[in-house]
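Summary of structural features
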Amino acid sequence: MITATVISSALFLGACSGPAAEEQLDSVLKSTFDAEKDYRDTQKDMQKLEEDEQQLFESIMSLTQEEQEEVGAQAEEAVASAKERLELLASEKESMAAAQENFKEIDAVIEETDEENVKSGLTDLKAKMQERFEAHAAFADAYENLNMQQQELYTMLQDENSTLQSLQEKALAVNGQNQLVQDAVTAFNEKTEQFNELKNSVISEIEKSEE
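Residues numbered from 1 in each chain as written. Predicted model: local features only at pLDDT ≥ 70, side-chain atom pairs only at ≥ 80, totals over all residues. Heavy atoms only, no water.

**Digging into the overall build of the protein**
Counting secondary structure elements, the protein contains 6 helices and 0 strands. Looking at the protein as a whole, 43% of its 211 residues qualify as buried. Looking at the protein alone, contacts between residues at least 24 apart form 82% of all its contacts between residues at least 6 apart. Accessible surface computed for the protein: about 11,100 Å², of which carbon and sulfur atoms make up 47%. (Helix = DSSP H or I, 4+ residues; strand = E, 2+ residues; numbered from the N terminus. Buried < 20%, exposed > 50% of the residue type's maximum accessible area, 1.4 Å probe, protein only. Contact = heavy atoms within 4.5 Å. Areas by Shrake-Rupley, 256 points an atom, 1.4 Å probe, with all protein chains shown as cover.)

In structure tokens, the structure reads:
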């Protein structure tokens, strides 16, 4: 039910020691990439929590009514795990916000560029990165929604008065929201790949213009 959400966001930066425009762009990309470090670092921890939570949920589902006390304890542990994931997501969002702020430095690179092809490429690169940040924001919203629904499900499992039907309905809602999260992850990865391809193209254009 809980699928590990691992997002690849590497910008695959190459060290640039060439002409001014290329050095400026590399500086912007490096500061952006560095700002995303906390975001990247959360991915492994979040995946581990999700995997452990999934095992907890499967364990809870295998318990009988006579083992309600153990159900309650494991469900409480799952709620704590979900809350910890929200804290990681908050760190991730802060990291992306810092990266977005750093990337605004590209405006100066665009302004100082005379070559029209390069200026156009840099403008496209700026737009694509904005799409990437927006895609991450959409993912974060979907993930927060999923997390809250998961917590609701775990809380329902602790309640002896919860009916099988209500649990099934909540599980269906969780699964549906999980699919939205996976779709958001895919969209973010696609934007990242498009950005990387465009970045390489722009750097190539810069190198041609300064030969």
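**A short note on a negative patch on the surface**
Taken together, the side chains of Glu66, Glu67, Glu69 and Glu70 present a region of like negative charge at the surface. Locating glutamate 70 in the fold gives a position in helix 3 (residues 68-103). Residue glutamate 70 is classed as partly exposed on the basis of its relative accessible area, which comes to 37%. (Patch = residues over 30% accessible without salt bridge, like charges linked within 9 Å, V, L, I, M, F, W, Y side chains within 5 Å. Salt bridge = Lys/Arg side-chain N within 4 Å of Asp/Glu carboxyl O. Lys, Arg positive; Asp, Glu negative; His and termini not counted. Charge placed at Lys NZ, Arg CZ, Asp CG, Glu CD.)

**A closer look at the nonpolar core**
Core analysis: the biggest nonpolar cluster contains 26 residues, and Leu89, Phe139, Tyr143, Tyr154, Leu157 and Val181 have the highest contact counts within it. Residue assignment for this core shows that the elements contributing at least two residues are helix 2 (37-62), helix 3, helix 5 (116-158) and helix 6 (164-209). At 8 residues, helix 5 tops the list of elements feeding residues into this core. Each residue touching leucine 89, except ones within four places of it in the same chain, is listed here: Met46, Phe139, Ala140, Tyr143 and Glu144. Counting 23 residues, the second-largest nonpolar core is a separate cluster that includes Ala35, Leu122, Ala135 and Phe188. (Core = buried A, V, L, I, M, F, W, Y, C linked by side-chain atoms within 4.5 Å.)

**What to know about the packing of aromatic side chains**
As enumerated under the stated definition, the model contains 3 aromatic pairs in all. With a centroid separation of 5.5 Å and an interplanar angle of 45°, the aromatic rings of phenylalanine 139 and tyrosine 143 are classed as tilted. Of this pair, phenylalanine 139 and tyrosine 143 both sit in helix 5, 4 residues apart, which is roughly one turn of the helix. Overall, the relative accessible area of 1% leaves phenylalanine 139 in the buried class. We classify tyrosine 143 as buried; its relative accessible area is 1%. (Phe/Tyr/Trp six-rings, centres within 6.5 Å; stacked < 30°, edge-to-face > 60°.)

**Some points on the packing of helix 5 against helix 6**
The description of two helices packed together rests on the angle between their axes and the distance between the axes. Viewed as axis vectors pointing N to C, helix 5 and helix 6 meet at an angle of 165°, and their least axial separation amounts to 8 Å. Here helix 5 is positioned roughly antiparallel relative to helix 6, judged by the angle of their axes. Taken as a pair, helix 5 and helix 6 cross one another with a handedness that is left-handed. Its residues assigned to classes, the contact of helix 5 with helix 6 shows 25 nonpolar, 12 polar and 9 charged. (Axes fitted to C-alpha atoms, helices over the stretch in contact; angles between N-to-C directions. Parallel < 35°, antiparallel > 145°, perpendicular 65-115°, else oblique. Left-handed = near helix turned anticlockwise from the far one by under 90°. Nonpolar A, V, L, I, M, F, W, Y, C, P; charged D, E, K, R; others polar.)

**Here's the deal with the pattern of salt bridges**
A complete count under the given rule lists 11 salt bridges for this structure. With a closest N to O distance of 2.6 Å, lysine 37 and aspartate 41 form a salt bridge. Remark: aspartate 41 and lysine 37 occur in helix 2; sequence separation between them is 4 residues, near one turn of the helix. Salt bridges linked by common partners bring Lys128, Glu131 and Lys191 together as one network.

**Describing the confidence of the model for the protein**
Residues of the protein with pLDDT of at least 70 account for 89%, and the chain-wide mean is 86. By mean pLDDT, helix 1 (residues 20-35) is the weakest element of the protein at 86, and helix 5 is the strongest at 94. Below pLDDT 50 for its whole length, residues 12-18 participates in 12 contacts with residues either more than four positions away or in separate chains. (pLDDT = per-residue confidence, 0-100.)

**Details of the environment of phenylalanine 195**
Within the element layout of this structure, phenylalanine 195 appears in helix 6. With relative accessibility at 0%, the residue phenylalanine 195 sits in the buried group. In this structure, the C-alpha to C-alpha distance between phenylalanine 195 and alanine 127, residues 68 residues apart in sequence, is 9.3 Å.

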